[in-house]
Amino acid sequence: MIQAAPRVIGVIQARMGSTRLPGKVMMQVAGKSLIAHQVERLRRCRRLDGLCLATSDRPGDDALADHAAALDVPVFRGSETDVLDQFYRAAYGQGADIAVRFTGDCPLIDPALVDTLVALHDGTTPPPDYAAIDVSRYPRGLDAELVSMGALQAAWTDAQEDFEREHVLPFIWRRPERFRLSWLTDPDLDAPWRWCVDTEQDLLLVRHLLEWLLPVNPAFGWRDADGAMRAHPEWAAINREVVQKTLPPCNSEGA
């Protein structure tokens, strides 16, 4: 009997209540909301079998949920504070065997890189429980985390710390003795850019990139964006002083 291929579901987690730039995912750039740009790019992934948006059940996120539904993206709404529960229930509701987590502030996400992450999982024996794009080497804003539903269910059941419930997957990557971990990385890569959107400066840089790249190649990849940064060295200064919110590191290389 031929075993069915695992069902891989992408889950975008987003909300309107960002502390540094409220409502950022709905802000308009190059004729579309940031979340619409991200959805459009993720739909080009060949290794994702489905895509959904997970957000909170608070009234402040009603507009985001309606916008995602208008984009024909399934929506799951759950706890604003227990984001692990929100993610697990969203993936489970879509019948995922493997879930790939994205945050809604990454409108330049690269579908080919996501496909490579899924291929890394599929091509490893035994496959990792968790795999992620190493954003200490790749530009920040290409973030993606892959997790098996078995490992995700273990985290959902066992995680007790508020930190682990809020930040979704630290329960897994903080425990290399329990879970198999892997990172998509490149030790020779030097692309120190910040393409996620958390501040007005981030938004300005992403606006420059989208307005420059989309007219030339709507299906641009991260290397095209890297080329644009090198062609316009002054753009790097726009958000150079923005400090990324950090999480406690795990003990594994590349985290």
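Residues numbered from 1 in each chain as written. Predicted model: local features only at pLDDT ≥ 70, side-chain atom pairs only at ≥ 80, totals over all residues. Heavy atoms only, no water.

**Brief notes about helix 5 (residues 149–158)**
Rules: When a residue's accessible area, from a 1.4 Å probe over protein chains only, is under 20% of the maximum for its type it is buried; when over 50% it is exposed; and in between it is partly exposed. Going along the chain from the N terminus, every DSSP run of H or I of four or more residues is numbered as a helix, and every run of E of two or more is numbered as a strand. For this analysis, residues touch if any pair of their heavy atoms sits within 4.5 Å.
Residues Met149, Ala151, Leu152, Ala154 and Ala155 constitute the buried set of helix 5. Looking at the buried side of helix 5, the elements it contacts are helix 3 (83–93), strand 6 (98–103), strand 8 (145–148), helix 6 (162–166) and helix 7 (170–173).

**Here we look at helix 2 (residues 62–70)**
For the record, the criterion: Directions are taken from the helix axis to each C-beta atom, and the arc is the one they span.
Of the residues making up helix 2, those classed as buried are Leu64, Ala65 and Ala68. Take helix 2 and look down its axis: the buried residues cluster within an arc of 100°, on one side only. Along helix 2, the residues that are exposed and aim more than 90 degrees away from the buried face are Asp66 and Ala70. Contact partners of the buried residues in helix 2: helix 1 (34–42), strand 4 (50–56) and strand 5 (75–78). Downstream of helix 2 by a residue or two, aspartate 72 has a phi angle that is positive, lying close to 65°.

**Quick notes on unusual backbone geometry**
In this structure, proline 126 follows threonine 125 across a cis peptide bond, with omega equal to -10°. In this structure, proline 126 sits in the loop between helix 4 (111–122) and strand 7 (130–133). With phi around 65°, aspartate 72 is a residue other than glycine that occupies positive phi space. The backbone of valine 168 sits at a positive phi, close to 80°, despite the residue not being glycine. Since its relative accessible area comes to 0%, valine 168 is described here as buried.

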